[in-house]
Amino acid sequence: MGAGVVQKTGDGGRRRRGRGRSRPMAEINVTPFVDVMLVLLIIFMVAAPLMTVGVPVELPKTAASALPTEQEEPLTVTITPEGTVMLQTTEIATEQLVTRLRAIAAERESTRIFLRADGNVPYALVMQVMGALNRGGFSNIGLVTDTGGPTLDEDG
């Protein structure tokens with residue numbers, strides 16, 4: 001790849017015919033090695049953020065604009081103040097949630113799903129439902145909030 005053969009000329013610059021002794025070239029061409037290392041560096045730089053553990057969640061801020069719309073009808077899971085889980089407008093038992101979501105995910109192109117929860121619902125229940133959404137095949141979870149809420153900046 002980077003090694004070659006250099007002819008030995010011991011006749012004062014004149015070339016002679018016949019078999020001459022050849023010696024290996026002592027220089028190594030490092031350009032291919034640098035190219036490979038740069039490609040590996042780029043691969044690791046792109047792959048490193050994807051190795052984080054956890055449920056990927058898009059947390060909308062109260063002052064944020066709406067998420068872009070999709071071609072498909074958005075899928076929504078709602079947790080009522082009583083703790084009832086609703087898939088779109090249908091009440092569903094929490095034991096059946098993962099099974100139903102897997103069936104729906106098989107028919108959809110998008111992995112985006114919206115989670116709406118009442119503010120008085122316990123945090124543990126919201127996290128359990130988010131885990132069920134992830135196990136059901138939906139990794140792009142958007143938490144729905146009302147706009148106009150308090151902000152955490154000094155101007156708000």
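For the structure given in this document, a descriptive report is provided here. (Residues numbered from 1 in each chain as written. Predicted model: local features only at pLDDT ≥ 70, side-chain atom pairs only at ≥ 80, totals over all residues. Heavy atoms only, no water.)

Assigned secondary structure in the chain consists of three helices and eight strands. Along its sequence from the N terminus, the chain presents helices and strands in the succession β-β-α-β-β-β-β-α-β-α-β. Split into buried and exposed, the 156 residues of the chain put 20% on the buried side. Of all intrachain contacts in the chain linking residues separated by at least 6 positions in sequence, the fraction that spans at least 24 positions is 69%. As presented, the chain carries roughly 12300 Å² of accessible surface, and 56% of it is formed by carbon and sulfur atoms. (Helix = DSSP H or I, 4+ residues; strand = E, 2+ residues; numbered from the N terminus. Buried < 20%, exposed > 50% of the residue type's maximum accessible area, 1.4 Å probe, protein only. Contact = heavy atoms within 4.5 Å. Areas by Shrake-Rupley, 256 points an atom, 1.4 Å probe, with all protein chains shown as cover.)

Taking 1.5 Å per residue, 13 residues should reach 18 Å; helix α3 (residues 123-135) reaches 19 Å between its end C-alpha atoms and fits that length. All of the buried residues in α3 are Leu 125, Val 126, Val 129, Met 130, Ala 132 and Leu 133. Projected down its long axis, α3 shows its buried positions confined to an angular sector of 160°, all on one face. Seen from the buried face of α3, the exposed residues on the opposite side, beyond 90 degrees, are Tyr 123 and Gln 128. Backbone geometry just after α3 places Gly 137 at a positive phi near 105°. (Expected span 1.5 Å × (residues − 1). Arc of directions from axis to C-beta.)

On to the nonpolar core, then. What tends to happen in soluble globular proteins is that the nonpolar side chains get buried as a cluster. Counting residues in each nonpolar core, the largest one holds 20 residues, and the members touching the most others are Val 77, Leu 101, Ile 113, Leu 115, Val 129 and Leu 133. Of all elements in the fold, only β4 (76-79), β5 (85-87), α2 (97-107), β7 (112-117) and α3 reach the threshold of two or more residues within this core. Of the residues forming this core, the biggest block, six residues, is contributed by α3. (Core = buried A, V, L, I, M, F, W, Y, C linked by side-chain atoms within 4.5 Å.)

Right, let's talk about the side chain of Thr 78 for a bit. Along the chain, the position of Thr 78 falls in strand β4. Judged by its relative accessible area of 14%, Thr 78 falls in the buried class. Once residues lying within four places of it in the same chain are set aside, the contact partners of Thr 78 are Thr 84, Val 85, Met 86 and Arg 116.

Our next topic: a nonpolar patch on the surface. Taken together, the side chains of Ile 28, Val 30, Phe 33, Val 34, Leu 38, Leu 41 and Met 45 define a hydrophobic patch exposed on the protein surface, amounting to about 700 Å² of accessible area. Here Leu 38 lies in helix α1 (residues 31-47). Leu 38 sits in the partly exposed class, given a relative accessible area of 46%. (Patch = residues over 30% accessible without salt bridge, like charges linked within 9 Å, V, L, I, M, F, W, Y side chains within 5 Å. Salt bridge = Lys/Arg side-chain N within 4 Å of Asp/Glu carboxyl O.)

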